[in-house]
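Chain residues, written in single-letter form:
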Amino acid sequence: MAFNKRFMAGLAAVAVLGVALSGCGGDTADGGSGGGDASGEPIEITYLHRLPDSDGMVQVNDIVARWNEEHPDIHVTATKFDGNASDMIKKLETDVKADNAPDLAQVGLAEVPEVFTKGLLMDVTEEAAKYEDHFAAGPFSLMQVGGKTYGLPQDTGPLVYFYNEAEFQKLGITEVPQTKDELIAAAKTAAAQGKYIMSYQADEAGNMLSGLAGASEPWYKVEGDSWVVNTETDGSAEVADVFQQLLDAGAATTNPRWDPSFDASLQDGSLIGTVAAAWEAPLFIDSSGGTGAGDWRVAQLGDWFGNDGKTGPDGGSGVAVLKGCEHPAEAMEFLDWFNTQVADLVSQGLVVAATTEAAETPSDWANFFGGQDVMAEFATANENMGDFTYMPGFSAVGAAMKETAAKAADGSGKVADVFSVAQTTSIDTLKNLNLSVAE
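This one's a predicted model, so the numbers in the text were calculated from it and none came from an experiment.

With that settled, the discussion passes to the environment of A192. Its place among the elements puts A192 in the loop between α8 (180–191) and α9 (205–214). Overall, the relative accessible area of 71% leaves A192 in the exposed class. The spatial distance from the C-alpha of A192 to the C-alpha of G250 is 9.2 Å, given a sequence separation of 58 residues.

A few words on the environment of T189. Along the chain, T189 falls in helix α8. Linking T189 and L171, residues 18 residues apart in sequence, is a C-alpha distance of 7.7 Å.

This brings us to the sheet that holds strand β7 (residues 220–223). Two pairing modes exist for strands in a sheet, parallel and antiparallel, and in both the strands are linked by backbone hydrogen bonds. If you walk across this open sheet you meet the three strands as β7-β8-β12, and the pairing is mixed. In the strand order of this sheet, the two ends are held by β7 and β12 (436–437), each with one partner. Contacts from helix α18 (residues 416–432) reach β7, β8 (226–229) and β12, with the element oriented near 170 degrees to β8.

Another aspect to go through is the nonpolar core. Core analysis: the largest hydrophobic core is formed by 78 residues, its most contacted members being Y161, I197, M198, Y200, L209, L212 and F243. Filtering out sequence-adjacent residues up to four positions away, I197 remains in contact with Y161, F168, I173, L183, A186, A187, A190, I272, G273 and T274. Among the nonpolar cores identified, the runner-up in size contains 56 residues, and L104, F140, A281 and F338 belong to it.

This brings us to the packing of α8 against helix α10 (residues 234–248). Two numbers describe a pair of packed helices, the interaxial angle and the distance between the axes. Put simply, α8 and α10 touch, their axes get as near as 10 Å, and they point 20 degrees apart. The angle between α8 and α10 places the two elements in the roughly parallel class. Judged by the twist between their axes, the crossing of α8 over α10 is right-handed. For the pair α8 and α10, contact is made by K180, L183, I184 and A187 and by E238, D241, V242, Q245 and L246, respectively.

This prediction gives the protein a mean pLDDT of 91; 91% of its residues lie at or above 70. When the criterion is pLDDT under 50, residues 1–34 qualifies, and its contacts beyond four places in sequence or with other chains add up to 99 contacts.

Quick notes on the rules
Residues numbered from 1 in each chain as written. Predicted model: local features only at pLDDT ≥ 70, side-chain atom pairs only at ≥ 80, totals over all residues. Heavy atoms only, no water. Helix = DSSP H or I, 4+ residues; strand = E, 2+ residues; numbered from the N terminus. Buried < 20%, exposed > 50% of the residue type's maximum accessible area, 1.4 Å probe, protein only. Pairing = 2+ DSSP bridges. Contact = heavy atoms within 4.5 Å. Axes fitted to C-alpha atoms, helices over the stretch in contact; angles between N-to-C directions. Core = buried A, V, L, I, M, F, W, Y, C linked by side-chain atoms within 4.5 Å. Parallel < 35°, antiparallel > 145°, perpendicular 65-115°, else oblique. Left-handed = near helix turned anticlockwise from the far one by under 90°. pLDDT = per-residue confidence, 0-100.

Put into structure tokens, the structure is as follows:
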């Protein structure tokens, strides 16, 4: 989700807790749906979320009310958290320690390792396996740490490509480039005529560049009780090379994504193509101010970064089962149902992780993207996601990447520096959390 992405870049490094990696996770889920508790009363499940619930959306409480009517033995109470994501994590930490936590809570996919390290999550690997085929593999894997599963994915942010097909045609670019060389050549052709088919967004470095680089090879793995870190992979080198060539040739814009100058580049028609997270679709439409409406399209990423047709994550969220949950099987039963209410979740502005039914493209999205079924394109991107994983305290890594990426944008540094600083910051952050790092 968009707000998850924005908050992730602003999270501070997590506090030092000294929690041993192998000691986290809680008890394994047990049993199945029990048909009420021993007293014959319905089993009570609580769910804390931060979905928008804006006007015109199917309200979360209405979705939950439908569950309660259809499942009288498992009663769910949903509560909306209106604060920042980081504040919600602090609340959950306090509540788990006080044995007063909700059974289920929404967390950003990038936040899962952090709340795991804080000892807030329950291992529900066995229960989750029952529902695994209801979700795209990439998002499902992001609800895991060290091979254990702690909930189910809700929405996603696979990276895709937005482009103005009509402007491409005017430039003689008849189709979206499929190789690295084709991309760079087309970008140079466009730049010679004052148009740009790629953007370098320094403020998105921790999200976009990590997702692009991690599409081909994960940066973080857990082996035994230690984290293995490698942010300077072949994929990272390819990403650095492509963007460095584009910057050196003046063939990409350098406006930060969340700066008015980015919107201006869309509205004046100079930016006609960019990598973006799927959840950006409605925000992108707003940013464009209607410029090019009907001419824009969505495509999968080409094999530009040695990614072999794979894409990576940028944002998204899941729902985790918290330590102390007394009925994890029933909580997971509800969670699978809730996260597969596709139409209702789309109304909340989500690009759903569920694969149980096709999501319908909202009419205003279809109008902007020339009648294209963009939700189908996003579903394909979900299926094409690589096995990228995050680490505890990744927000600190993202902040360092953002700062370094800005230097590459103004010419005082190189894009490759973004990935080297990610390496040192990752290791330092994990060690500051008293977590073991394999040398």
